[in-house]
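Summary of structural features
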Amino acid sequence: MSAKIENVNKELLSDNWYVLNKYTFDLERKNGGFVRQMREVYDRGNGATILLYNRDKGTVVLTNQFRMPTYVNGNQSGMLLEACAGLLDGDAPEQCARREAIEETGFQVGEVKKIFEAYMSPGGVTELIHFFIAEYDDSQRHTGGGGVEDEDIEVVELPFDQAVAMITDGRIKDGKTIMLLQYLQINRLLA
């Protein structure tokens with residue numbers, strides 16, 4: 001079943017960092033009537049994320065970096081432990097995942113597996129994220145990672161069990177990272 005909308009009006013509110021538009025529209029209700037709604041929609045483009053894991057060592061590679069929105073929302077350090085990710089910027093999703101892996105973690109991975117796509121905040125953000133996993137080993141590390149330009153990323157290799165425990169105790173709060181770790185757990189890719 002598709003939603004029926006009419007009289008869509010778009011107003012640009014900001015084109016600073018990304019694009020913020022205000023949409024006014026009439027949405028048809030179940031009873032056949034229409035209701036006027038207004039929504040602000042943030043468009044930052046689509047992205048890809050990848051979780052690197054090592055079966056032999058039982059580890060995963062995450063990144064730790066400052067995230068202003070988390071700081072504003074009560075994360076006193078502003079630091080967030082997460083799987084590497086980035087915007088597609090015109091690349092295919094797999095190409096983006098590979099690029100982010102080498103830039104942020106320093107690992108140039110071989111085979112990658114796309115596991116799903118998800119809207120992470122569909123109430124206000126257009127972004128669709130493509131989720132990938134890839135096995136890694138120490139021989140694939142080509143740089144120290146850390147990101148590019150204005151990024152200051154710490155590469156963190158953790159035992160898988162510790163990373164899963166960090167979801168429960170609140171040290172990992174990033175949605176995409178939780179989903180990727182749980183995928184590994186559900187599919188028993190790491191013990």
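Worth saying up front: this structure is predicted, and the values here are computed from it rather than measured. (Residues numbered from 1 in each chain as written. Predicted model: local features only at pLDDT ≥ 70, side-chain atom pairs only at ≥ 80, totals over all residues. Heavy atoms only, no water.)

**With respect to the overall build of the protein**
Note the following rule: Every helix listed is a DSSP run of H or I at least four residues long, and every strand listed is a run of E at least two residues long, numbered separately from the N terminus. Burial classes: relative accessible area under 20% of the type maximum marks a residue as buried, over 50% as exposed, and values in between as partly exposed (1.4 Å probe, protein chains only). Note on contacts: a residue pair qualifies if any of its non-hydrogen atoms lie within 4.5 Å across the two residues.
Check the secondary structure of the protein and you find four helices and ten strands. Secondary structure elements in the protein, listed N-terminal to C-terminal, are β-β-β-β-β-α-β-β-α-β-β-β-α-α. The dimensions of the protein, computed from C-alpha atoms along their principal axes, are 60 × 35 × 35 Å. Of all 191 residues assigned to the protein, the portion counted as buried reaches 38%. Once local pairs closer than 6 in sequence are excluded, the contacts in the protein between residues at least 24 apart make up 57%.

**A closer look at helix H2 (residues 93-105)**
Basically, it comes down to this: Any helix carries an expected span of 1.5 Å times its number of residues minus one.
Taking 1.5 Å per residue, 13 residues should reach 18 Å; H2 reaches 18 Å between its end C-alpha atoms and fits that length. Considering only its buried residues, H2 is in contact with strand S4 (47-54), strand S5 (59-66), strand S7 (84-87), strand S9 (128-135) and strand S10 (154-159). Immediately downstream of H2, the backbone of glycine 106 shows phi near 90 degrees, a positive value.

**A short note on the side chain of arginine 99**
Within the secondary structure layout, arginine 99 lies in helix H2. Residue arginine 99 is classed as buried on the basis of its relative accessible area, which comes to 19%. When neighbours within four sequence positions are excluded, arginine 99 is seen to be in contact with Leu87, Leu88, Asp89 and Asp91.

**Section: the UniProt feature "short sequence motif: Nudix box" (unreviewed entry) in the protein**
Applicable threshold: UniProt positions are given in the numbering used here, feature names are shortened, and annotations may be inferred rather than shown by experiment.
Here, the residues flagged by UniProt with the feature "short sequence motif: Nudix box" (unreviewed entry) are residues 86-107. For residues 86-107, helix accounts for 59% and strand for 9%, while the C-alpha atoms at its two ends are 15 Å apart.

**A word on unusual backbone geometry**
Backbone geometry at asparagine 7 places phi at a positive 55 degrees, although glycine is not the residue there. Mapped onto the fold, asparagine 7 is located in strand S1 (residues 5-14).

**Details of the pattern of salt bridges**
Keep this limit in mind: The rule for a salt bridge is simple: a side-chain nitrogen of Lys or Arg has to be within 4 Å of a carboxyl oxygen of Asp or Glu.
Under the defined criterion, the tally for this structure stands at 14 salt bridges. For glutamate 135, the salt bridge goes to arginine 55, with nearest N and O atoms at 3.0 Å. Taken together, the residues span a long stretch of sequence, with glutamate 135 in strand S9 and arginine 55 in the loop between S4 and S5 at a distance of 80 residues. The partner of glutamate 94 in a salt bridge is arginine 98, with the nearest N and O atoms 3.1 Å apart. Linking glutamate 94 with arginine 98, this pair stays in helix H2, spanning four residues, or about one helical turn. Accessibility expressed as a relative area gives 36% for glutamate 94, which makes it partly exposed.

**Quick word on the side chain of glutamate 104**
The condition is simple: When charges are counted, Lys and Arg contribute as positive and Asp and Glu as negative, whereas His and the chain ends are disregarded.
Residue placement: glutamate 104 occurs in helix H2. Of the buried charged residues, glutamate 104 lacks a salt bridge, with arginine 67 as the closest side chain of opposite charge at 5.6 Å. Beyond its immediate sequence surroundings of up to four residues, glutamate 104 is in contact with Thr63, Gln65, Cys84, Ala85, Gly145, Gly146, Gly147, Glu151, Ile153 and Val155.

**Thoughts on the UniProt feature "domain: Nudix hydrolase" (unreviewed entry) in the protein**
Here, the residues flagged by UniProt with the feature "domain: Nudix hydrolase" (unreviewed entry) are residues 43-180. End C-alpha atoms of residues 43-180 are separated by 24 Å, and the span's content is 24% helix alongside 34% strand.

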